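# Per-entry structural report
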Amino acid sequence: MSIAENVEMVRGRIRAACGRSGRRTEDVLLVAVSKTVPAEFIRQAYATGIRDFGENRVQEAAAKRSELSELAATWHLIGHLQSNKAKLACQLFDWVESIDSLRIGDRINQFAGAGGRKLPVLLEVNLGEEASKFGAEEAEVMRLAEAIGRLEALELRGLMTLPPFFEDPEKVRPYFRRLRQLARHIEAQNLSGVSMRELSMGMSHDFEIAVEEGATIVRVGTAIFGSRQ
Ligand SMILES: *Cc1c(COP(=O)(O)O)cnc(C)c1O
């Protein structure tokens, strides 16, 4: 299947999941995860109308952005950020979905203010308590939201998660539900500078379940571009 056909298929499945759960298709943003994917594939996805791309490494994104400077795309950082790359990340990305500590939030805040813009960010939550994964622990997220909400160059818009992998995607549903409940709980505190509008959850394997559970952003790689080497 071509990238255009894959995008069409993913969009159809998002529409169907929205239909099943009484949601509007336009409330779900499809981010095409283009890590390891050549620039030409990104152009093909762009030609189908995709405008949002997700990358997990700053260096790789730097190379691609210069190669693809003609595209009016929105770039999402979805991987762990090291503080020594914070400045470059602010130049390359329109969203940072993977804020997992106040330390990294502070670093980004130092560089994000250029031109008076506010950088949209999400807090990454490690719901599975997997030592191998990045993300703030659930118990820390409220305090982190409060602190990030005070940073003047960042605009906290919600939560992101990368749940444990299960062969059966139904087993992921409780994690998605928990992320939504956590967002509602934080929202109810009315913290200043904090919105919990966005829930970034769901990947190729489980994005339909994520949509049913309230995802506003799904991050889909292999279902669009094919398997990565
Ligand atoms: C790679 C990646 C994805 C996309 O995964 P696929 O299974 O290829 O859809 C989504 N989110 C994050 C954080 C990733 O690193």
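Residues numbered from 1 in each chain as written. Predicted model: local features only at pLDDT ≥ 70, side-chain atom pairs only at ≥ 80, totals over all residues. Heavy atoms only, no water.

### Things to note about the nonpolar core
Counting residues in each nonpolar core, the largest one holds 71 residues, and the members touching the most others are Phe 53, Ile 108 and Leu 159. Not counting chain neighbours up to four residues away, the residues in contact with Phe 53 comprise Val 31, Ala 32, Ser 34, Ile 42, Ala 45, Tyr 46, Ala 73, Thr 74, Trp 75, His 76 and Phe 225. Core analysis: the second largest hydrophobic core is formed by seven residues, Val 31, Val 33, Trp 95 and Leu 122 among them. (Core = buried A, V, L, I, M, F, W, Y, C linked by side-chain atoms within 4.5 Å. Buried < 20%, exposed > 50% of the residue type's maximum accessible area, 1.4 Å probe, protein only. Contact = heavy atoms within 4.5 Å.)

### Details of the site of the ligand
In the vicinity of the ligand, the contacting residues are Val 33, Lys 35, Ile 78, Leu 162, Met 203, Ser 204, Arg 219, Val 220, Gly 221, Thr 222 and Arg 228. Between a nitrogen atom of the ligand and a side-chain N or O atom of Arg 219, the distance comes to 2.9 Å. A distance of 2.8 Å separates an oxygen atom of the ligand from a polar backbone atom of Gly 221. Relative to its free-state accessible area of 390 Å², the ligand is covered by the protein chains to the extent of 90%. Split into classes, the residues belonging to the shell around the ligand amount to five nonpolar, three polar and three charged. (Near = heavy atom within 4 Å. Polar contact = N/O pair within 3.5 Å; in protein donor to acceptor, adjacent residues only side chain to side chain. Areas by Shrake-Rupley, 256 points an atom, 1.4 Å probe, with all protein chains shown as cover. Nonpolar A, V, L, I, M, F, W, Y, C, P; charged D, E, K, R; others polar.)

### Side note on helix 7 (residues 173–187)
Taking 1.5 Å of rise per residue, the 15 residues of helix 7 would be expected to cover 21 Å, and the 21 Å separating its terminal C-alpha atoms lies within 8% of that figure. Taken as a whole, helix 7 has its buried residues at Arg 173, Tyr 175, Phe 176, Leu 179, Leu 182, Ala 183 and Ile 186. (Helix = DSSP H or I, 4+ residues; strand = E, 2+ residues; numbered from the N terminus. Expected span 1.5 Å × (residues − 1).)

Structural measurements only, silent on function.
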